Amino acid sequence: MIRIAIVTPWFGRDLHGGAEQQAWQLAHQLADEGHAVDVLATCSQSFNHDWGRNYFSPGVERLGKISIRRFKVSPRDRRAFERVNAILLSLDVAKLHRSVSPLGDDDARTFYDNNINSAALNAYLATDGARYDRFVFLPYLYGTTLQGLPLVADRAYVQPCLHDEAYAYLSRVEDVVHRARGLLLNSEGEFELALRLFGPGIYGKATVVGEGVDLHVDPTQFAARVGTFVPAHEKYVLYLGRQDPAKNVGTLVVAFSDFKRRNPTSRMKLVLAGERPVSYGDSTKAIVDLGPVNEREKAALLAHARALAQPSLNESYSRVIYEAWAHGRPVIAHRNCLPTQTAVSRSEGGYLADSIASWEATLNDVDFAPDADLARLGLNGRAYARDVASWPNVIDRYERVFASTIAAGRNGHQLRADVVDPNAWDRLPDLALSAALQDGKFNLIYAGPIVDLGHINELLLTFLHFLTIESEARLAIVGTAPIDDSVYAKLYEEVRKLDMVDRVLVTRDIEISQKLAIFRAADIFITLDDADVPDTPFVEASWFDVPILAYASPSAKGNVAGAGILVRSKDDLLSIAALAHMLVTDRDLRANVIAAQRQRRELPAPTEAETPWPS
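Residues numbered from 1 in each chain as written. Predicted model: local features only at pLDDT ≥ 70, side-chain atom pairs only at ≥ 80, totals over all residues. Heavy atoms only, no water.

Caption draft 1: Structural context of the overall build of the protein. A count of helices and strands for the protein gives 22 helices and 20 strands. Taking 615 residues into account, the globule formula puts the C-alpha radius of gyration at 25 Å, and the protein, at 26 Å, falls close to it. Overall, the protein is about 80 × 65 × 45 Å in size when its C-alpha atoms are taken along their principal axes. Split into buried and exposed, the 615 residues of the protein put 57% on the buried side. In the protein, 70% of the contacts between residues at least 6 apart in sequence involve partners at least 24 apart. Accessible area for the protein stands at about 25300 Å²; split by element, carbon and sulfur atoms hold 49% of it. (Helix = DSSP H or I, 4+ residues; strand = E, 2+ residues; numbered from the N terminus. Rg over C-alpha atoms; globule rule 2.2 N^0.38 Å. Buried < 20%, exposed > 50% of the residue type's maximum accessible area, 1.4 Å probe, protein only. Contact = heavy atoms within 4.5 Å. Areas by Shrake-Rupley, 256 points an atom, 1.4 Å probe, with all protein chains shown as cover.)

So this is what it looks like as structure tokens:
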């Protein structure tokens, strides 16, 4: 038996948010396996109610096999929080940078201090935390996690339910991730997002545990009708969930409207089921808004749909996708949402779309696809769901993590600790340097010993050629051993002669936080060293998913061949610069090289690139 505390802002059977449902089910499933489970929550009613109001009475409630301990919320300035929150919601995620806070210090402090916080809960963690063996904090962006986890970090796991959103770029979020004993993730796609945001230091502590879904389907429990709608007699694509612009429902509705305009004789409808702050139904009855539905109605809608549509970009898992697969139905997911895209790609259980035009084309495919083809996709999804989403498998993964005497780690992933230890990177990078390096310029890096300037001069000239192709770039030269003063002086003089003082960064006696910032901001690792140099820089670049271009030295051949680009002559530095530019800017080439690097480390390939770059 393990003594487990699940720490979450709100807790209750009837709460509809994904993290709230996950906390409820996880608590009961762990208790059913014989573990002692306490839920530590605030007295706030729900996400949709006033976070500063105590709806429940503080104290302990026994519910079946679990105990719920509720703590009063702390006073907060709601207006100040909403002002800063509006800033975060308005930001374009594509323009945000890793380890660079989207807020200034004052606004960040306002967000943290006026979040949903509980000084009473924090005091309990500080005084009584020793009574628990393990803590699970979920989700990541609320004060219960941001303030609470550091108090018990040595036994604490954060289950972030991570989305690619502005909150995830806050400095305190990254700090909490690195402080935690382990990171529990709902999907492989969520792991990829976490890796992108927090760096390779999470490899040694991150475990994809999955999220349990009841996969049992009982046709006798299907409702015959939902209002006047009879699922068994209709042809439709289903959207199931909160009808909220933040869930990207508008894209689906516009795409379906375009599909119907081009296919006016099609019988296929779009059915929307779920809470509706905004209604997307139309007067033609082609878009049917059923509003909230019960479990029997939901089961019937899933069972008879041609496909489930999940257009959301902000998912860490998407329970409804696995529910659709449990019913043997295919899904349509957004290509730009890593967790759902990864699940659909790996399961071969449906379709991917991104633009409105591609959603329309996919709806057309679903309308005209033979039933047997849709059934085959649904069965693929069902097989995938049995492994990823069955509660026995999910709880087994939790138990293996909790029972371990060391930090969590991804099953089956080789860390190559004989060369470098990624656990050393489980910390914040130099934040100022991270911001300086992510200013829109391409970053080329070299890391290695600097004893003489022969290959360094060739590298500088290659970079000078690179600037003629792409003017917005810099070169970072990272000495992996102390650089002799005379060599450093000669290097600086060469940089000055080439008029690149503001384009070349040379580091001496580099700290790990600075190295983290440089490698995480790098677009390419480049070396023209023809000596047999240490393996470490090559392996480090690989761990940071930085494509490598190298002269074919013995060391480079052993570390790069098949997972990067090797050049066998340094006679034409302009051509090498052109190759470097291609490796920096060609998305498909980069993805293939990174896939091959991961294959050499015995890690799963990125979702967008299945074929390694040929050697």
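Back to the text.
Caption draft 2: Quick peek at the packing of helix 16 (residues 454-469) against helix 21 (residues 573-585). One way to put it is that helix 16 packs onto helix 21 with a least axis distance of 8 Å and a crossing angle of 60°. Like other packed secondary-structure pairs, helix 16 and helix 21 cross with a definite hand, here right-handed. For the pair helix 16 and helix 21, the contacting residues are Glu 458, Leu 461, Thr 462, His 465, Phe 466 and Ile 469 in the first and Leu 573, Leu 574, Ile 576, Ala 577, Ala 578, Ala 580, His 581 and Val 584 in the second. Split into classes, the residues belonging to the contact of helix 16 with helix 21 amount to ten nonpolar, three polar and one charged. (Axes fitted to C-alpha atoms, helices over the stretch in contact; angles between N-to-C directions. Left-handed = near helix turned anticlockwise from the far one by under 90°. Nonpolar A, V, L, I, M, F, W, Y, C, P; charged D, E, K, R; others polar.)

Caption draft 3: The arrangement of the packing of aromatic side chains in detail. Here the structure, examined in full by the defined rule, presents 29 aromatic pairs. Ring geometry for Trp 325 against Tyr 384: centres 5.9 Å apart, planes inclined by 85°, an arrangement best described as edge-to-face. Taken together, the positions of Trp 325 in helix 10 (residues 319-326) and Tyr 384 in helix 13 (residues 371-388) put the pair 59 residues apart, joining distant regions of the chain. The residues Trp 325 and Tyr 384 share a single accessibility class, namely buried. Aromatic ring contacts, followed pair by pair, group Trp 10, Phe 47, Trp 51, Phe 81, Phe 111, Tyr 112, Tyr 142 and Tyr 167 into a single cluster. The aromatic ring of Tyr 112 is capped on one face by Arg 172, whose charged end is 4.0 Å from the ring centroid. For the cation-ring pair, Lys 570 lies above Tyr 551, with the distance from its terminal atom to the ring centre recorded as 4.8 Å. (Phe/Tyr/Trp six-rings, centres within 6.5 Å; stacked < 30°, edge-to-face > 60°. Lys NZ or Arg CZ within 6 Å of the ring centre and 35° of its normal.)

Caption draft 4: Highlighting the confidence of the model for the protein. Of all residues in the protein, 94% have pLDDT values of 70 or greater, and the mean over the chain is 90. Segment residues 605-615: pLDDT under 50, and 29 contacts once partners within four positions in sequence are set aside and those in other chains are kept. (pLDDT = per-residue confidence, 0-100.)

Caption draft 5: A look at empty space enclosed by the protein. As enumerated under the stated definition, the model contains two cavities of 30 Å³ or more in all. The calculated volume of the largest cavity comes to roughly 50 Å³. If you go around the largest cavity, the residues you meet are Tyr 446, Ala 447, Gly 448, Pro 449, Phe 525, Thr 527, Asp 529, Val 533, Pro 534, Pro 537 and Phe 538. Among the secondary structure elements, those contributing two or more residues to the lining of the largest cavity are strand 15 (442-448), strand 18 (524-527) and helix 19 (536-543). The dominant element in the lining of the largest cavity, judged by the number of residues it contributes, is strand 15, at three residues. Residue classes in the lining of the largest cavity are distributed as eight nonpolar, two polar and one charged. Quantified by volume, the second largest cavity comes out at close to 40 Å³. Taken together, Arg 98, Ser 99, Ser 434, Gln 438, Leu 516, Ala 517, Arg 520 and Ala 521 form the lining of the second largest cavity. (1 Å grid on protein atoms, 1.4 Å probe; cavity = no way out; pocket = protein on both sides within 12 Å on 5 of 7 lines; lining within 4 Å. Points joined across faces, edges and corners; volume = space filled by probe spheres on them.)

Caption draft 6: Local environment of the sheet that holds strand 3 (residues 59-63). Pairing is mixed across the open sheet formed by eight strands, whose spatial order is 3-4-2-1-5-6-7-8. One side of each edge strand has no neighbouring strand; the edge strands of this open sheet are strand 3 and strand 8 (206-208). For this sheet, the mean angle separating the axes of adjacent strands, direction not counted, is 25°. Judged from the five bridges that link them, strand 1 (residues 3-7) and strand 2 (residues 36-42) form a sheet pairing that is parallel. Among the inter-strand pairings, Arg 3 is bridged to a residue of strand 2, identified as Ala 36. This element, helix 14 (residues 391-403), spans strand 1, strand 5 (134-137), strand 6 (156-158), strand 7 (182-185) and strand 8 of the sheet and lies at about 180° to strand 7. (Pairing = 2+ DSSP bridges.)

Caption draft 7: Focus on the nonpolar core. In this structure, Leu 40, Phe 111, Phe 135, Ile 202 and Phe 525 are the most contacted members of the largest nonpolar core, which totals 82 residues. Counting residues per element, this core draws most heavily on helix 7 (residues 188-198), at six residues. Beyond its immediate chain neighbours, meaning those up to four positions away, Phe 135 contacts Ala 5, Val 7, Leu 40, Leu 125, Gly 129, Val 152, Arg 155, Ala 156 and Tyr 157. Counting 34 residues, the second largest nonpolar core, distinct from the first, contains Leu 460, Phe 466, Val 504 and Ala 580. (Core = buried A, V, L, I, M, F, W, Y, C linked by side-chain atoms within 4.5 Å.)

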